[in-house]
Amino acid sequence: MPRISRREFIRTAASTTLLSAAATSGARLLRADPLGLPIGCQTWPVRAMIATDFRGTLKELAAAGFQTIELCSPVGYADSGFGGLGKFKGSELRSMVQDAGLACVSSHFSITELRKNQDDRIAWAKDAGLTQMLVPSLDGPKNPTMDDVKRAAEEYNRMGERAAAAGIVQGLHNEDFELTRVDGKRTYDLLFQLLDPRYVKFQFQVSTISEGYDAAEYFTQYPGRFISMHVQGWSATTRQIVPVGQGTLDWKRIFSAAKIGGIRNYFVEMDLPLMKASVPYLHQLQVA
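Residues numbered from 1 in each chain as written. Predicted model: local features only at pLDDT ≥ 70, side-chain atom pairs only at ≥ 80, totals over all residues. Heavy atoms only, no water.

Colleague: Help me understand the sheet that holds strand β3 (residues 103-108) in this model?
Modeller: In any sheet, the strands associate via hydrogen bonds between backbone groups, in a parallel or an antiparallel arrangement. Pairing is parallel in the closed barrel, where eight strands are placed in the order β1-β2-β3-β4-β5-β8-β9-β12. This sheet shows a mean twist of 30 degrees between the axes of neighbouring strands, independent of strand direction. Two elements, strand β1 (residues 40-42) and strand β2 (residues 68-72), share three bridges in a ladder whose sense is parallel. Residue pairing across strands places C41 opposite I69, the latter belonging to β2. Each of β5 (169-173), β8 (200-205) and β9 (226-231) is contacted by helix α8 (residues 187-194), which is oriented at about 160 degrees to β8, the strand it contacts most. (Pairing = 2+ DSSP bridges. Helix = DSSP H or I, 4+ residues; strand = E, 2+ residues; numbered from the N terminus. Axes fitted to C-alpha atoms, helices over the stretch in contact; angles between N-to-C directions. Contact = heavy atoms within 4.5 Å.)

Structure (structure tokens):
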């Protein structure tokens, strides 16, 4: 089965701080389901809009019913539409997000920018009010050896320890490198053994179900190791991204398992029309 990355999924789609911040917006529901967590979205799908009108994009996301967002670093994602945000201080970005009635405690950073100057990126994150710093991938080779995986894990453990000392949780998404195999074993599973749970948490990409990576199974198998997830609806019949609540995924099962996994927040990540269409279902989803 060919590997489909997070960005390829998006392209192929049909075109307690968080809670308090969400409560400030009277235009939206007072309580968000499931699990009482605010409904969030990743900003990668609206990167072109952010490049031209950040404030307007925030207002549109808030009007759609989202209560939290996850950003992408203006340094690591400068060529993807986020570079223009670099002209603002972190505190200024935080004010703009809050003025739109949203909250933001998480952002993606490239592993490259952390290698170059992690202390600077931590300082920016704290100024922006972030408590979670994620990388999409450890950026290892496409056909890694066990030594490659160990080296990547050792490097990220050091980054995680440095972030933890500053009060930041360092997290790992499951992207290209994490979906490789070593001696018949999933690199992703090996990383759960090699990454220090004191310093590194995980962010699960739900759409990797297309390659057999089942969110509920991972949350149950590795309790307490996760911090967040990227949410996409998925149809096994058409093999396409669909709004959350449509398709073939059992969302009650996923969110019930998310409690075991340790999920603190989640971010819908699809084309904007599909993200908007997901909000009503998430608002009414009840999970014990």
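Let's pick the thread back up.
Colleague: How do you make sense of helix α5 (residues 90-99) when you look at a structure like this?
Modeller: Turn by turn, an α-helix covers 3.6 residues, leaving residues three or four places apart pointing in a common direction. Within α5 the residues assigned to the buried category are G90, L93, M96 and V97. For α5, the angular spread of the buried residues around the axis is 120 degrees, confining them to a single face. Residues of α5 that are buried sit in contact with α4 (54-63), β2, β3 and α6 (111-127). Just downstream of α5 lies G101, where phi reads positive at about 85 degrees. (Buried < 20%, exposed > 50% of the residue type's maximum accessible area, 1.4 Å probe, protein only. Arc of directions from axis to C-beta.)

Colleague: It is not clear to me how the packing of aromatic side chains should be interpreted in this structure. Could you clarify?
Modeller: Aromatic rings considered in pairs are described by the distance between their centres and by the relative angle of their planes. Taken as a whole and assessed by the stated rule, the structure comprises 21 aromatic pairs. Centre to centre, the rings of F109 and W124 are 5.9 Å apart; their planes meet at 80 degrees, and the pair counts as edge-to-face. With F109 in the loop between β3 and α6 and W124 in helix α6, this residue pair connects regions lying 15 residues apart in the sequence. On the numbers, 6.2 Å between centres and 50 degrees between planes, the contact of Y188 with F204 is tilted. Taken as a pair, Y188 in helix α8 and F204 in strand β8 lie far apart in primary sequence, 16 residues in all. Relative accessible area serves as the criterion here: at 0%, Y188 is assigned to the buried category. Across from the ring centre of W44, 4.2 Å away, lies the NZ or CZ of R47, which sits over that ring. One residue, R186, lies across the ring of Y213, its end atom 3.9 Å from the ring centre. (Phe/Tyr/Trp six-rings, centres within 6.5 Å; stacked < 30°, edge-to-face > 60°. Lys NZ or Arg CZ within 6 Å of the ring centre and 35° of its normal.)

Colleague: I would appreciate a short explanation of the pattern of salt bridges in the present structure.
Modeller: Side chains carrying opposite charge are able to pair once their charged atoms draw close together. Going through the model one piece at a time under the given rule, you end up with seven salt bridges. Measuring nitrogen to oxygen at the nearest pair gives 2.9 Å for the salt bridge that ties E155 to R115. One end of the pair, E155, is in helix α7 (residues 146-165); the other, R115, is in helix α6, with 40 residues separating them in the sequence. Across the salt bridge formed by D148 and R151, the nearest N and O atoms sit 2.6 Å from each other. Here the residue D148 and the residue R151 both occupy positions in helix α7, the gap between them amounting to three residues, near one helical turn. Among the ionic contacts, a cluster of salt bridges with common partners joins E113, D120 and R121. (Salt bridge = Lys/Arg side-chain N within 4 Å of Asp/Glu carboxyl O.)

Colleague: What's the story with unusual backbone geometry in this structure? I'm lost.
Modeller: Trans is the common state for peptide bonds, and a negative phi is the common state for residues other than glycine. Even without being a glycine, D139 presents a positive backbone phi close to 65 degrees. Among the structural elements, D139 can be located in the loop between β4 (132-135) and α7.

Colleague: Just checking my understanding: could you explain α6 for this structure?
Modeller: Helix length check: α6, at 17 residues, gives a terminal C-alpha distance of 20 Å against a target of 24 Å (1.5 Å per residue), a shortfall beyond 12%. The sharpest bend along α6 reaches about 110 degrees and sits at N117. Among the residues of α6, those classed as buried are I111, E113, L114, Q118, R121, I122, W124 and A125. Considering only its buried residues, α6 is in contact with α5, β4, α7 and β5. One or two residues past the end of α6 sits G129, with phi positive at roughly 85 degrees. (Expected span 1.5 Å × (residues − 1). Bend = angle between axes of the 7 residues up to and from the residue.)

Colleague: Looking at this structure, how should I read the packing of α7 against α8?
Modeller: When two helices pack together, their arrangement is given by the angle between the helix axes and by the axis-to-axis distance. Interhelical geometry of α7 versus α8 gives an angle of 45 degrees and a closest axis separation of 10 Å. As the angle between them shows, α7 and α8 are arranged oblique. Crossing handedness for the pair α7 and α8: right-handed. Judged by residue contacts, M146, V149, K150, A153 and N157 of α7 engage T187, L190, L191 and L194 from α8. Split into classes, the residues belonging to the contact of α7 with α8 amount to six nonpolar, two polar and one charged. (Parallel < 35°, antiparallel > 145°, perpendicular 65-115°, else oblique. Left-handed = near helix turned anticlockwise from the far one by under 90°. Nonpolar A, V, L, I, M, F, W, Y, C, P; charged D, E, K, R; others polar.)

Colleague: Sorry if this is basic, but what is going on with the packing of α4 against α5 here?
Modeller: In the contact formed by α4 and α5, the axes pass within 9 Å of each other and the chain directions differ by 40 degrees. Taken together, α4 and α5 sit at an angle that is classed as oblique. Crossing handedness for the pair α4 and α5: right-handed. Residue-level inspection shows F54, R55 and L58 of α4 in contact with α5, the latter providing L93, M96 and V97.

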